[in-house]
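Listed below are the residues making up each chain.
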Amino acid sequence: MTHPRFEVKHRIRFSECDPAGIVFYPQYFVLFNDLMEAWIDTLLPEGFAGTIGQKRCGLPTAHLEADFKAISRMGDEVVLSIELERLGNKSLNLALACTGVDGVLRMTVKQTVVTTSLDTHAAIPVPDHLRQALSAAHPH
Ligand SMILES: CC(C)(COP(=O)(O)OP(=O)(O)OC[C@H]1O[C@@H](n2cnc3c(N)ncnc32)[C@H](O)[C@@H]1OP(=O)(O)O)[C@@H](O)C(=O)NCCC(=O)NCCSC(=O)c1ccc(O)cc1
């Protein structure tokens, strides 16, 4: 089954590259965190900042695996995509990818983020408003 994807275009910046002129790999994770923020911003009126700041719901990463398939260079135009693979009780399984506009897959990530209380930092069930927004946007 294919699931709806959220995508943004991105131009690889100087500040994201190492002296070899290719993306320094941790930068992909920063780009993907920005992508997750933008995605949540489209789903919830309070957005990602409000989820953290007002709702006091954290989304820490519990599991992260990455495969690097091809290099990305400064100035490359890429598409960053995020897809909800599974909506669990207290976690979300995400599939992320960076693909050149030339269609060449640069890298992929599988990530599990857990919903937590920012008061206790313990896992909590995915809050109803987030679950509803995710279910509406990503009917499985
Ligand atoms: C995430 C945790 C609170 C989970 O605690 P646990 O006691 O394991 O919780 P539970 O046993 O109740 O499991 C909850 C769910 O998480 C899932 N889970 C927990 N650990 C894992 C791992 N390792 N892999 C996959 N799934 C996992 C588990 O299967 C449950 O899934 P559901 O079926 O959907 O309910 C705890 O492991 C923890 O604090 N880990 C450290 C997290 C961390 O420091 N991550 C790195 C940086 S965090 C960060 O960058 C950040 C970004 C944004 C923010 O808002 C906050 C922080």
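Keep in mind the model is a prediction, meaning the values are calculated, not measured.

Along the backbone of the protein there are 3 helices and 7 strands. Along the protein, from the amino end to the carboxyl end, the secondary structure elements read β-α-α-β-β-β-β-β-β-α. Here the protein has a C-alpha radius of gyration of 16 Å; the compact-globule value for 140 residues is 14 Å, and the two agree. In terms of overall dimensions, the protein has C-alpha extents of about 45 × 35 × 25 Å along its principal axes. Nonlocal contacts in the protein, meaning residues at least 24 apart in sequence, comprise 64% of its contacts between residues at least 6 apart. Carbon and sulfur atoms make up 53% of the accessible area of the protein, which amounts to about 7600 Å² in all. The averaged location of the 16 negative side-chain charges in the protein is 2 Å from the averaged location of its 13 positive side-chain charges.

Moving on to the pattern of salt bridges. One pass over the structure, following the stated rule, counts 6 salt bridges. Ionic pairing is found between Arg5 and Glu83, a salt bridge with its closest N-O pair at 2.9 Å. In this pair, Arg5 sits in strand β1 (residues 5-11) while Glu83 sits in strand β4 (residues 77-87), placing the two residues 78 residues apart along the sequence. Between Arg106 and Asp102 there is a salt bridge, and its shortest N-O distance comes to 3.2 Å. Linked by salt bridges that have partners in common, Asp76, Asp102 and Arg106 make up one network.

Conventions adopted
- Residues numbered from 1 in each chain as written.
- Predicted model: local features only at pLDDT ≥ 70, side-chain atom pairs only at ≥ 80, totals over all residues.
- Heavy atoms only, no water.
- Helix = DSSP H or I, 4+ residues; strand = E, 2+ residues; numbered from the N terminus.
- Rg over C-alpha atoms; globule rule 2.2 N^0.38 Å.
- Contact = heavy atoms within 4.5 Å.
- Areas by Shrake-Rupley, 256 points an atom, 1.4 Å probe, with all protein chains shown as cover.
- Lys, Arg positive; Asp, Glu negative; His and termini not counted.
- Charge placed at Lys NZ, Arg CZ, Asp CG, Glu CD.
- Salt bridge = Lys/Arg side-chain N within 4 Å of Asp/Glu carboxyl O.

On their own, these measurements won't tell you what the molecule is for.
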